[in-house]
Amino acid sequence: MPRLRRILRDGVPQPFELELDFIVAGLQHLRDRHDRHDPPDRPGHRSGGR
């Protein structure tokens, strides 16, 4: 919720910045969810940089 707190504190940013923040937050959420459900020691797991 840090982005929502920032919006409440600072006001609504420019539309592009707000949309970009939501896209980044969504991608971070998907990455974190993937990491929780696909441990590195699982066969077939692709490791490496992101």
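Preceding this paragraph is the structure being described.
Let me begin by describing the structure that accompanies this report. Everything quoted here is computed from the prediction, not taken from an experiment. (Residues numbered from 1 in each chain as written. Predicted model: local features only at pLDDT ≥ 70, side-chain atom pairs only at ≥ 80, totals over all residues. Heavy atoms only, no water.)

It is worth spelling out the overall build of the chain at this point. A tally of helices and strands in the chain yields two helices and zero strands. In the chain, buried positions account for 8% of the 50 residues. On the chain, roughly 4,700 Å² of surface is accessible, and the fraction owed to carbon and sulfur atoms is 59%. (Helix = DSSP H or I, 4+ residues; strand = E, 2+ residues; numbered from the N terminus. Buried < 20%, exposed > 50% of the residue type's maximum accessible area, 1.4 Å probe, protein only. Areas by Shrake-Rupley, 256 points an atom, 1.4 Å probe, with all protein chains shown as cover.)

Before going further, it helps to spend a moment on the pattern of salt bridges. It is possible for side chains of opposite charge to pair when their charged atoms get near one another. Throughout the structure, instances matching the rule amount to four salt bridges. Residues R6 and D21 are paired through a salt bridge, measuring 2.4 Å at the closest nitrogen-oxygen approach. A residue pair is termed long-range when its members are at least 10 positions apart, and R6 in helix α1 (residues 2–10) and D21 in helix α2 (residues 15–37) qualify at 15 residues. What makes R6 partly exposed here is its relative accessible area of 29%. On the accessibility criterion, D21 (16% relative accessible area) is buried. In this structure, D32 and R31 form a salt bridge, with 3.4 Å as the shortest nitrogen-oxygen distance. On the accessibility criterion, D32 (34% relative accessible area) is partly exposed. We classify R31 as partly exposed; its relative accessible area is 39%. Several salt bridges share partner residues, and in doing so they unite R6, E17 and D21 into one network. (Salt bridge = Lys/Arg side-chain N within 4 Å of Asp/Glu carboxyl O.)

Once that is clear, we can look at a nonpolar patch on the surface. Taken together, the side chains of F16, L20, I23, V24, L27 and L30 present a nonpolar region at the surface, about 580 Å² in accessible area. Taking relative accessible area as the criterion, F16 reaches 62% and is therefore assigned exposed. (Patch = residues over 30% accessible without salt bridge, like charges linked within 9 Å, V, L, I, M, F, W, Y side chains within 5 Å.)

Nothing here speaks to function; it is all geometry.
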